[in-house]
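# Fold and contact review
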Amino acid sequence: MKVRIESTRTIKPIYEGNCPPPTSHCIPLSVFDKVTYNAHIAVIYAYHPPTPTNATIELGLRRGLSEYREWAGRLGEDEKGDSVIFLNDKGVKLVEASVDSKLDQLMPLKPSPFLLSLHPSLKDVEELVQVQLTRFTCGSLVVGFTSNHLVADGHSTSNFLVAWGKASRGVDMSPLPLHDRTIFIPRKPPHFEFEHRGIEFKSNNLLKDCPNKYNDNFVDDITVHKVHFTLDFLSKLKARTCPPSNNLQNKAYSTFESLVAHLWRTITRARGLSGFKTTHVRISVNGRMRMNPRVSNEYFGNLVLWAFPSARVKDLLKEPLPYAAKLIHEAISKE
């Protein structure tokens, strides 16, 4: 199956009312932006008909970019050498494509070269957002979306996608994003309460020892496997982590905590590690409601904290599933 590219062009914001600030204006990256990945994250959404026209989606995108202007800008450095986002409205990439097949014939989509062709290439990307609209003969639409993680985390990106959808339907994009990344001001004098080195922050020397990320041989050694967990499986798994009915002190663990606990134990067992080694899981946590004072859910940028539940291998495998779920729950709660 082949994806045929119909057109590729740059889409810029469309403004209604107030004019934007000068194109030389820039936004400095916060500490949370700088410690995340300088890479594009790709997601794909599939829709059965009826679907809006590409022109309608494009117009909504242009309107959405007027409120989320960072996406239409470019990364760079200011005169001090600090990393910034230039609000220059250079735009995002929009690709229109088609497939001579029905979408149902290809579902479920699995990791493959075809799946990669449903969003724009991630190689040498200058734009901070890329969009590909792929039409199928049945009228279905697949939207491939890639975005640079330095600009925003998953929560902020989801807010933008919702705003884009509203703009495409002609609906008000409220609530509007909060763009002020200068709210995270270091204390004077600095006061360090937690050890971050070797956890969130890695030594540059470690990166020098890693294979080149563009080395084809290294990439070929990575296996991507997509797993589908049925609702029945998840229900049974969650039931295994529930405390006894006569235990009123413990609450039931969430589906996420139950599933991660199961995967942590399964992967640890498969690795064949020594029982006296320590194993941990790295879990990203939305920090907006955990900051003091709290940060608005509309804050646009990166605000991810990390939870690191850990255990000795022999304890993790010997104890029942609720033991791992409890460690995960406590680590997330402390963030």
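See above for the structure.
The rules behind the values
Residues numbered from 1 in each chain as written. Predicted model: local features only at pLDDT ≥ 70, side-chain atom pairs only at ≥ 80, totals over all residues. Heavy atoms only, no water. Helix = DSSP H or I, 4+ residues; strand = E, 2+ residues; numbered from the N terminus. Contact = heavy atoms within 4.5 Å. Areas by Shrake-Rupley, 256 points an atom, 1.4 Å probe, with all protein chains shown as cover. Buried < 20%, exposed > 50% of the residue type's maximum accessible area, 1.4 Å probe, protein only. Pairing = 2+ DSSP bridges. Phe/Tyr/Trp six-rings, centres within 6.5 Å; stacked < 30°, edge-to-face > 60°. Lys NZ or Arg CZ within 6 Å of the ring centre and 35° of its normal. Expected span 1.5 Å × (residues − 1). Arc of directions from axis to C-beta. Salt bridge = Lys/Arg side-chain N within 4 Å of Asp/Glu carboxyl O.

### With respect to the overall build of the protein chain
Per the secondary structure count, the protein chain includes 10 helices and 12 strands. Summarising the internal contacts of the protein chain: among those between residues at least 6 apart in sequence, 75% fall at separations of at least 24. Surface summary for the protein chain: the accessible area is close to 20,600 Å², and the carbon and sulfur share equals 55%.

### Overview of the pairing of strand β6 (residues 92-99)
In terms of burial, β6 is largely enclosed, as seven of its eight residues are buried. Relative to β6, strand β1 (residues 4-11) runs antiparallel, the two sharing seven bridges. Across the sheet, the residue bridging to T8 is V95, located in β6.

### Quick notes on unusual backbone geometry
That bond from S174 to P175 is cis: its omega, -5°, falls within 30 degrees of zero. As for its position among the elements, P175 is in the loop between α4 (154-168) and α5 (204-208). Note the cis peptide between N292 and P293, where omega equals 5°. Positive phi is not limited to glycine here, since D89 has a value of about 55°. Relative to the helices and strands, D89 is located in the loop between β5 (83-86) and β6. The backbone of D124 shows a phi angle near 55°, a positive value even though the residue is not glycine.

### With respect to the packing of aromatic side chains
For the coordinates displayed, the defined rule picks out 10 aromatic pairs. On the basis of an interplanar angle of 70° and a centroid distance of 5.2 Å, the ring pair of Y68 and F160 is categorised as edge-to-face. With Y68 in the loop between α2 (54-67) and β4 (74-77) and F160 in helix α4, the pair connects residues that are 92 residues apart, well separated along the chain. Given a relative accessible area of 3%, Y68 falls into the buried group. Look at F160 and you get buried, because its relative accessible area is 0%. One aromatic cluster is present, built from ring pairs that chain together Y68, W71, F145, F160, W164 and F300. Cation over ring: R282 sits above W306, and NZ or CZ is 3.8 Å from the ring centre.

### Let's talk about α4
The first and last C-alpha atoms of α4 sit 21 Å apart over 15 residues, in line with the 21 Å expected at 1.5 Å per residue. For α4, every residue scored as buried is listed here: S156, T157, F160, L161, A163, W164 and A167. Down the axis of α4, the sector holding all buried residues measures 165°, keeping them to one side. Packing partners of the buried residues in α4 comprise β3 (40-47), α2, β7 (129-136) and β8 (141-148).

### Here we look at the pattern of salt bridges
Evaluated as defined, the whole model comprises 12 salt bridges. Residue R4 is joined to D100 by a salt bridge in which the shortest nitrogen-to-oxygen separation is 3.1 Å. Pair noted here: R4 is in strand β1 and D100 is in the loop between β6 and α3 (113-116), with a separation of 96 residues, a long-range link. Classification of R4 as partly exposed rests on a relative accessible area of 39%. Across the pair R312 and D315 runs a salt bridge whose closest N-O atoms are separated by 3.4 Å. Owing to a relative accessible area of 23%, D315 belongs among the partly exposed residues under this scheme.

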